[in-house]
Amino acid sequence: MFEIDNTPLKRGYQPMPAGTNENVQLKRVAYEPFKNDGTGDKVLKFEFEDEGGKQFTHSEWEIVPDRVKQNAKAWGHDYRELLEATMRDTTERLKHIMSCYMPYKDISVKGGNWAEFAQAVIDNLGDKYKDVPVRIKLI
């Protein structure tokens, strides 16, 4: 009924392999629906591509306190600690990406809600990433 064989993928998307990938460029940063058909939650999306056209997309979702509260209860964690850790982890990932293209002293992002925050990331990064090859490690 289900089967995976060794034939190449037949879709247009060519994923970047796991491991260290050299000379990768950030092609696009956008705040848009997660799904290609325009549906789904809006995410902050970073689209990378290597010299051979292989692609990797990193998406960050909005942190919704009610969802974090549900997860904390289900996982047996303290809600406030989990919310703080989730916020810290998300902002650290974004700051790490941004720091590949600009000095830490130039990174300044604030927003009253997720949409404003995502747009502030895009605005602060600007086009500093254009034509800047980086090394990324995918796991």
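On a predicted model such as this, the values are computed, not experimentally measured, just so you know. (Residues numbered from 1 in each chain as written. Predicted model: local features only at pLDDT ≥ 70, side-chain atom pairs only at ≥ 80, totals over all residues. Heavy atoms only, no water.)

Undergrad: Sorry if this is basic, but what is going on with the pattern of salt bridges here?
TA: Working definition: two side chains of opposite charge can pair if their charged atoms are close together. All chains considered together, the criterion is met by eight salt bridges. The salt bridge involving Arg-135 is made with Glu-22; its shortest N-O contact spans 2.8 Å. Of this pair, Arg-135 sits in strand β4 (residues 134-138) while Glu-22 is found in strand β1 (residues 19-33), placing the two residues 113 residues apart along the sequence. Classification of Glu-22 by relative accessible area gives partly exposed; the value is 43%. With a shortest N-O distance of 2.9 Å, Arg-28 and Glu-47 are connected by a salt bridge. In this pair, Arg-28 sits in strand β1 while Glu-47 sits in strand β2 (residues 42-49), placing the two residues 19 residues apart along the sequence. For Glu-47, a relative accessible area of 23% gives the class partly exposed. What you see here is one network of salt bridges that share partners, running through Arg-28, Glu-32, Lys-45 and Glu-47. (Salt bridge = Lys/Arg side-chain N within 4 Å of Asp/Glu carboxyl O. Helix = DSSP H or I, 4+ residues; strand = E, 2+ residues; numbered from the N terminus. Buried < 20%, exposed > 50% of the residue type's maximum accessible area, 1.4 Å probe, protein only.)

No statement about biological role is implied by the geometric values presented.
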